[in-house]
Amino acid sequence: MDPDYRHTYLWQVDKNCPDPEKIRQAGLILRQGGLVAFPTETVYGIGANALDIDAVKGIFTAKGRPQDNPLIVHVADIEAVYGYTVHVPRMAGILMEKFWPGPLTLIMEGNGRISGPVSAGLSTLAFRMPDHPVALALIREAGVPVAAPSANVSGRPSPTTAEHVRADLQGKIDVILDGGAAGMGVESTVLDLTGDIPVILRPGGVTLEQLTPVAGPVDWDASLAENGAAPARPRSPGMKYRHYAPSAPLILVEGMHRGVVLEINRLAREYILQGKKVGVLCRSGSCGKYPGVIVMTAGREHDHASVAAELYDALRRFDATGVDVILAEGVEDRGIGTAVANRLRRAAGGRIVKVENSDGYK
Ligand code: TXA
Ligand code: MG
């Protein structure tokens, strides 16, 4: 038998008012070194006591996560951050007040009390306070900071339901708290506050448009401009791995919508002639425009939040179809669409086709 095998309990909890007894037990399991998956307002996380090195190592084993990819420390109140940092920058105070609880992860200098595998040897730590009653109740009950990456096997799309977590981590973790579908569907924005101006390392649930009125000028990590090809040395180590990816290779087609539909149909014909089974990922409005292929939809045209909410589930559903290649419609790089576009580019791993685009994405 696998020496790392764990029996995985699946506990249903009410999203808004989780059963205190289940939260008490899950909190105890966390505090004592176990691994508990829980819903957040972005995606499901898999948590361990951040102060327990062995527990944290267990997360890396369960996910098959590269050792050099640090974890986000989840807290249930702003004050907790002060206990684990050298100093909280003024901007961090402002952003925590404005956006916490919420999908914004802030990078600051750690004071060494949380170290080892959580920070993957970096001097900095990532903090976030999730906006979800189950996550907050669990962290409070555990009474410790909770290191938690997304609850997927490394490289796979992040889980937005307890069923996704079960599919990836059954037998590898102790408990899954099933609080229904996670909210936004894409992960938090990761913002580095260790320099003079804040730098976005990963676009996510809090958009640039929401950040700049509060934070002033904000930079983008240079690696984000590399169109999904794995950057050599990003400041967020996780960004260098192919991620969010279904089993089949994904080709992303970006540009004006009409041109995108034509190009996807042209590519589909080419692949079909090669004897390949083709999948197309599109918005619901264009699902009738791709004959002869397996179509999965994620969200509606011009409603980026709906695409975010359904994207990872759609990518996972392709795995059951046995398609050889997936052709995906691009998403406009604006608002929450920026995070969606980033995940699609990462899933494509650099295989991006840009169609002639004279008047912006429509
Ligand atoms: O919405 C989310 O953020 C979800 C939920 C569960 O909270 N969590 C999540 O964790 O997406 P994960 O581990 O899948 O992604 C964390 C990202 C990785 O790209 C990692 O490299 C980066 O944050 N990160 C963590 N600590 C860092 C640090 N000290 N410096 C730079 N990047 C860091
Ligand atoms: Mg992840």
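Everything discussed here concerns the structure shown above.
An account of the accompanying structure is given in this report. (Residues numbered from 1 in each chain as written. Chains lettered and ligands numbered in written order. Predicted model: local features only at pLDDT ≥ 70, side-chain atom pairs only at ≥ 80, totals over all residues. Heavy atoms only, no water.)

The next thing to look at is the pattern of salt bridges. Within the structure shown, the criterion is met by 18 salt bridges. The salt bridge partner of Arg 128 is Glu 41, with a shortest N-O separation of 2.9 Å. Of the two residues, Arg 128 is situated in strand E6 (residues 124-128) and Glu 41 in the loop between strand E2 (36-38) and strand E3 (45-49); the sequence distance between them amounts to 87 residues. For Arg 166, the salt bridge identified is with Glu 163, shortest N-O distance 2.9 Å. In this pair, Arg 166 and Glu 163 are both assigned in helix H6 (residues 162-169), three residues apart and thus about one turn of the helix distant. Residue Glu 163 is classed as partly exposed on the basis of its relative accessible area, which comes to 44%. One network of salt bridges, with partners in common, ties together Arg 156, Asp 168, Arg 316 and Asp 319. (Salt bridge = Lys/Arg side-chain N within 4 Å of Asp/Glu carboxyl O. Helix = DSSP H or I, 4+ residues; strand = E, 2+ residues; numbered from the N terminus. Buried < 20%, exposed > 50% of the residue type's maximum accessible area, 1.4 Å probe, protein only.)

The next subject is the nonpolar core. Residues Trp 100 and Leu 177 are the most contacted members of the largest nonpolar core, which totals 66 residues. Sorting elements by how many residues they give to this core places helix H5 (residues 133-142) first, with six residues. Ranked by size, the runner-up nonpolar core spans 26 residues in total, among them Val 43, Val 186, Ala 248 and Val 340. (Core = buried A, V, L, I, M, F, W, Y, C linked by side-chain atoms within 4.5 Å.)

Next up on the list: the packing of aromatic side chains. Taken as a whole and judged by the stated rule, the model has one aromatic pair. Centre to centre, the rings of Tyr 9 and Trp 11 are 6.0 Å apart; their planes meet at 40°, and the pair counts as tilted. (Phe/Tyr/Trp six-rings, centres within 6.5 Å; stacked < 30°, edge-to-face > 60°.)

Further remarks concern the packing of helix H1 (residues 20-31) against H5. Look at H1 against H5: their axes get within 8 Å of each other, and the N-to-C directions meet at 55°. Considering the angle they form, H1 stands oblique to H5. Judged by the twist between their axes, the crossing of H1 over H5 is right-handed. Packed against H1, whose contacting residues are Ile 23, Arg 24, Ala 26, Gly 27, Leu 30 and Arg 31, the element H5 presents Val 134, Ala 137, Leu 138, Glu 141 and Ala 142 at the interface. Its residues placed into classes, the contact of H1 with H5 shows seven nonpolar, one polar and three charged. (Axes fitted to C-alpha atoms, helices over the stretch in contact; angles between N-to-C directions. Parallel < 35°, antiparallel > 145°, perpendicular 65-115°, else oblique. Left-handed = near helix turned anticlockwise from the far one by under 90°. Contact = heavy atoms within 4.5 Å. Nonpolar A, V, L, I, M, F, W, Y, C, P; charged D, E, K, R; others polar.)

This part takes up H6. Every α-helical turn comprises 3.6 residues, leaving residues that sit three or four positions apart pointing alike. Along H6, the residues that are buried comprise Ala 162, His 164, Val 165, Asp 168 and Leu 169. Looking straight down H6, one finds its buried side chains confined to an arc of 155°; they lie on one side. Looking at the buried side of H6, the elements it contacts are strand E1 (9-12), E2, E3, helix H2 (53-63), strand E8 (175-178) and helix H9 (304-319). Backbone geometry just after H6 places Gly 171 at a positive phi near 85°. (Arc of directions from axis to C-beta.)

Cis geometry is found at the peptide bond from Trp 100 to Pro 101, where omega equals -10°. In this fold, Pro 101 is placed in the loop between helix H4 (90-99) and strand E5 (104-109). Residue Ala 120 is not a glycine yet carries a positive backbone phi of 50°. At His 302, a residue that is not glycine, the phi angle is positive and equals roughly 65°. Among the structural elements, His 302 can be located in the loop between strand E14 (294-297) and H9.

How two helices sit against one another is set out by the angle between their axes and by the gap between those axes. For the pair H4 and helix H7 (residues 208-215), the least separation of the axes is 10 Å and the interaxial angle reads 130°. Put simply, H4 runs oblique to H7. As H4 runs across H7, the sense of the crossing is right-handed. For the pair formed by H4 and H7, the contact residues are Met 91, Ile 94, Leu 95, Lys 98 and Phe 99 on the first element and Gln 210, Leu 211, Val 214 and Ala 215 on the second. Class assignment for the residues of the contact of H4 with H7 results in seven nonpolar, one polar and one charged.

Below, the discussion takes up the sheet that holds strand E10 (residues 199-202). Read from one edge of the open sheet, 11 strands run E1-E8-E2-E3-E7-E4-E6-E5-E9-E10-E11, paired in mixed fashion. Each edge of the open sheet is held by one strand with a lone partner, namely E1 and strand E11 (219-220). Sheet topology places E5 next to strand E9 (residues 189-192); four bridges connect them, and they run parallel. Across the sheet, residue Leu 104 finds its bridge partner in E9, namely Thr 189. (Pairing = 2+ DSSP bridges.)

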